[in-house]
Every structure is written in C-alpha cells, then in structure tokens.
Amino acid sequence: MRITAITVWQLDLPLHKPYYLSGGRLRFDALDSTFVRIDTDAGLHGWGEGCPWGVTYLPAHGRGIRAGLEELSPHLIGKDPRQLDAINRTLDLALPGHLYVKAALDMACWDILGKSAKMPVCELLGAREPDPVPIASSVSTGSPEEMLDEVRRFRDRGYKVHSCKVGADVHLDIKRINHLAANELDGEVMFYDANRAWLPREAITVMNAVPGLTSWFEQPCETLDEIAQVRAQTAHPICIDEALHTYNDLVRIHRDGIAEVVNIKLNRVGGLTKARALRDFCLSTGITMLVMDTGGSVLSDTAVAHFAQSIPQPSCLGVWSCQEMVSIDPAPGAGARNIDGCFTAPAGPGLGVEPDLAVLGTPVAAYEA
Ligand code: MG
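Conventions adopted
Residues numbered from 1 in each chain as written. Predicted model: local features only at pLDDT ≥ 70, side-chain atom pairs only at ≥ 80, totals over all residues. Heavy atoms only, no water. Pairing = 2+ DSSP bridges. Helix = DSSP H or I, 4+ residues; strand = E, 2+ residues; numbered from the N terminus. Axes fitted to C-alpha atoms, helices over the stretch in contact; angles between N-to-C directions. Parallel < 35°, antiparallel > 145°, perpendicular 65-115°, else oblique. Contact = heavy atoms within 4.5 Å. Nonpolar A, V, L, I, M, F, W, Y, C, P; charged D, E, K, R; others polar. Buried < 20%, exposed > 50% of the residue type's maximum accessible area, 1.4 Å probe, protein only. Right-handed = clockwise from strand over helix to strand, strands pointing away. Donors = N, O, S within 2.8 Å, 3.2 Å for Na, K, Ca; no water. Phe/Tyr/Trp six-rings, centres within 6.5 Å; stacked < 30°, edge-to-face > 60°. Salt bridge = Lys/Arg side-chain N within 4 Å of Asp/Glu carboxyl O. Disulfide = S-S within 2.5 Å. Domains from an automatic or database assignment. Buried area = accessible area lost by both parts, 1.4 Å probe.

A. Inspection of the sheet that holds strand E1 (residues 3-21) at higher detail. Here four strands make up an open sheet; going across it, the order is E3-E2-E1-E13 and the pairing antiparallel. Sheet topology places strand E3 (45-50) and strand E13 (365-368) at the edges, where each strand pairs with a single neighbour. Mean inter-strand twist for the sheet, computed between neighbouring axes without regard to direction, equals 20°. Here six bridges tie strand E2 (residues 26-40) to E3, and the two strands are oriented antiparallel to one another.

B. Seen up close, the packing of helix H2 (residues 84-94) against helix H11 (residues 272-285). Running from N to C, H2 and H11 point in directions that differ by 110°, and their axes come no closer than 9 Å. Accordingly, the angle class assigned to the pair H2 and H11 is roughly perpendicular. Residues Leu-84, Asp-85, Asn-88 and Asp-92 of H2 lie in contact with H11, whose contacting residues are Thr-273, Lys-274 and Arg-276. The class makeup of the residues in the contact of H2 with H11 is one nonpolar, two polar and four charged.

C. Region of the structure containing the pairing of strand E5 (residues 161-165). Taken across its five residues, E5 has five buried, putting it largely inside the fold. Residues Val-161, Ser-163 and Lys-165 of E5 are buried on one face, and the alternating residues His-162 and Cys-164, pointing to the opposite face, are buried as well. Both strand E4 (residues 133-139) and E5 contribute to a ladder of four bridges, which runs parallel. Counterpart to Ser-137 in the pairing with E5 is His-162. Remark: the E4/helix H5 (residues 144-156)/E5 crossover connection has right-handed handedness.

D. The arrangement of the coordination of the magnesium ion in detail. Taken together, Asp-193 (OD), Glu-218 (OE) and Asp-241 (OD) make up the full set of protein donors to the magnesium ion, lying 2.2 Å away. Each donor residue of the magnesium ion lies on the same chain, and together they follow the pattern D-x24-E-x22-D. Of the two residues, Glu-218 is situated in strand E7 (residues 217-218) and Asp-241 in the loop between strand E8 (238-240) and helix H9 (247-255); the sequence distance between them amounts to 23 residues. Each of the two residues, Glu-218 as well as Asp-241, counts as buried.

E. Region of the structure containing the pairing of strand E11 (residues 316-320). Burial analysis of E11 places four of its five residues in the buried class, which makes it a mostly covered element. Relative to E11, E4 runs parallel, the two being bridged by two bridges. The residue of E11 that forms the bridge with Ile-135 is Val-319. At this point the chain moves from strand E10 (residues 288-292), through helix H12 (residues 298-309), to the parallel E11, and the crossover so formed is right-handed.

F. Here's a closer look at the packing of aromatic side chains. Under the counting rule described, the total for this entry stands at eight aromatic pairs. With a centroid separation of 4.8 Å and 65° between ring planes, the pair formed by Phe-154 and Tyr-159 is classed as edge-to-face. Accessibility assignment for this pair places Phe-154 and Tyr-159 in one class, buried. Residues Tyr-192 and Phe-217 carry aromatic rings whose centres are separated by 5.9 Å and whose planes lie at 40° to one another, so their mutual orientation is tilted. In this pair, Tyr-192 sits in strand E6 (residues 189-193) while Phe-217 sits in strand E7, placing the two residues 25 residues apart along the sequence. By the burial criterion, Tyr-192 is buried, and Phe-217 matches it. Members of the aromatic cluster, each reached through a chain of ring pairs, are Phe-28, Trp-53 and Trp-320.

G. Quick look at the side chain of Ser-137. Its location among the elements puts Ser-137 in strand E4. Those residues within four positions of Ser-137 in sequence are excluded, and the remaining contacts are Phe-154, Tyr-159, Val-161, His-162 and Ser-163.

H. Structural context of the pattern of salt bridges. Taken as a whole and judged by the stated rule, the model has 24 salt bridges. The salt bridge partner of Lys-102 is Asp-92, with a shortest N-O separation of 2.8 Å. Here Asp-92 lies in helix H2 and Lys-102 lies in helix H3 (residues 99-117), a separation of 10 residues in the sequence. Between Glu-188 and Arg-155 there is a salt bridge, and its shortest N-O distance comes to 2.7 Å. Highlighted residues: Glu-188 in the loop between helix H6 (170-182) and E6 and Arg-155 in helix H5, separated in sequence by 33 residues. What makes Arg-155 buried here is its relative accessible area of 18%. In this structure, a network of salt bridges that share partners links the residues Asp-225, Arg-252, Arg-255 and Asp-256.

I. Region of the structure containing the state of the cysteines. Within the structure shown, the criterion is met by zero disulfides. Between Cys-51, a cysteine without a disulfide, and Cys-322, which holds the nearest cysteine sulfur, the sulfur-to-sulfur distance is 6.2 Å. Cys-122 carries a free sulfur, and the closest cysteine sulfur to it, the one in Cys-316, is 12 Å from it.

J. Up close: the domain arrangement of the protein chain. Segmentation of the protein chain into domains returns domain 1 (3-118 + 357-368) and domain 2 (123-343). Once you take the C-alpha centre of each, domain 1 and domain 2 turn out to be 23 Å apart. Of the roughly 3,400 Å² buried between domain 1 and domain 2, counting both surfaces, carbon and sulfur atoms make up 60%. Of all residues in domain 1, Tyr-57, Leu-99 and Trp-110 bury the most surface against domain 2, accounting for 18% of the area lost on that side.

As structure tokens, then:
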C-alpha cells in the first residue's frame, strides 16, 4: 500500500467562553485546527488532526503545522502508511524536531492501519482495557468560589477528575487550593495545575502551605531543572506536562526522580507512535499517566480515547475532552463522546470517526505524487 495524496484543511474552533491559564497570564478565545486526510492506492484513507492550544501555550501554532506539512508531505508520498516506525523515521529525517507537526500525519497513518487490519486503533496499540476512561475537567483560574462552582457544574455531568488551574498569586493560590480540597468528595481526584506559572520559590511556598492533599501538583514551574529544585524541597507528588516532549525527557524525569505522574499530550510528543514508547516506559517504571491532546475536535479526542484505553488501570488517571469547550463539531454524533464523564474508544476499524467535508470546507493545500 502506498500513499498517493495528502490533503489539508484549516478550521477555526471558537471556544464557548474565554479560557484563562496561569492566573490569567494566558487567555484563549479560539483554536486554529488543521485536518489532514491521507489517501492511498488501496482506496483506503485516514484522518488526522493537529490543534495547538492557542499560540501562546507551547512553541506550536496552527500556521506552523501547515508550513510543516508543506515541508513533510512530499516525503511521505509513495510510502506505506501502515509501517508506522518507518513513517516516523522518514518524518524525523526530513525535519528534525517539530513534533507537533508530525502528530496529525502519524494519526492519519494509524487510522489507515486500523482500516486495513479491520481493527480499532486501541487494539493495534496492544489492548482494549475494559473500563471507560474518566475525563478530567479543566477548571479555569478564578476566585476560590468561582472555581468550586465550576467544579460543581462538571460534577453534575459525571466528572470525577478535576484539573484545577492555579498559578501567579501565592496567597490566592493557597486559598484556592484549601477551598477546593476542603470540598473534595470521596472518590474524586482534584489536582492543581500551574501550567509553569510559578517560580521555584512560589511553588515551594504554596506546596508546603497545603499539606495532606490526595493528589498532585502539575507542571509547577517552567523547566525540569526548576521542578527538580522544587521536588527536593516539597513532599507532594508532581506531574510533568509541558516539559515532556521526548523519550529522553521521560528518561530524565525517571532517572532524577522528578515526578510520579506525566501528562502525555499526543500533539506535543509527536503523535501516537512516539506516545506508545512513552507509555511503555511509564508502565515499566511505575509512572502514572494522563493522556490528552493540546486541543482539537472530536478527532483529536478520539485518538486520545484509543490511546488511553490501551493503558491498564490504574496507570491512566484520565483524559480530557476538548470537544466540549469548542462550538464547532466536524463529526456530529461520531467518535469518542462524554458518557457519564468517561470516554470509550469507538469499536469500528481505525479511529472510527470521519469529519464532515461540508464542515471542513475547501482544502487549503494538497500534495500528490
Ligand atoms: Mg497540564
């Protein structure tokens, strides 16, 4: 089987309401998503999506994905999309780094592999674990009362895992965390995500002021060096999110004992194939995982659902549903959907979701043999 064409669409995904990270340091109103369809000479095609969380969150942006696709697509024409490791080596040779560009191409190849084998992607990743995967809420930074109100709205929809965004104001953060922790329910997981906002001094102050939590702090500071410094002076479990890009990052996190949890964002780490290697390292070293994408529609969420469902419990703590935060749905009724606060990967072959071409509109680029 050979790749004959790669077609690219761009779609703005407006957020239902503005979203704030890191104590309001970062604000988001809409996401710039890129959809990719890979066609083959066997008549099969696969879909991928790449969607950074705005342009200020990570060194990734929508136009960067499309520029990278222009660079990379000619190298994939004629290749067998089912040989995922070979596809990834081709991509890495043609353009070192730029992992977020490669994730959408990798996703589309997994979709083709699944359709070719008549198996869902999660089973090709090694397993369909029996339990649906809990979706973590994403609670925007606000006053302690506002944040608890938002947690309650998520609870009403079945959510039991809550990612509460803190950062930027030490006194207010301590109040936020104490208020949320005092109102945590049995069986609920509430973790505190600073999205890199604290300096080490601030992280150490906040984390040591709120003992007895049942969960972890996520990405307290910018770099692994800073978080290692915080780690040495605090007792809470730590999760690494934005500072995990490569396999070597994960090896260092484990070797230096920096964190017990990692957040594997498929787009940031370069797609399902590279994420699979991270998953296997985590399983063999006892690191627990959250699995998400940086953003996107039901397509990205469905790839996440397949990947998360390949991980045995309790090693996967939760996923995230970006689709519920945006007001455009390119595949109504299809793919992984929130059922009682959980995702289940579709049963059909491949990803099990196809976007509606009428929603995507006119392609912005096409690459052919
Ligand atoms: Mg995070």
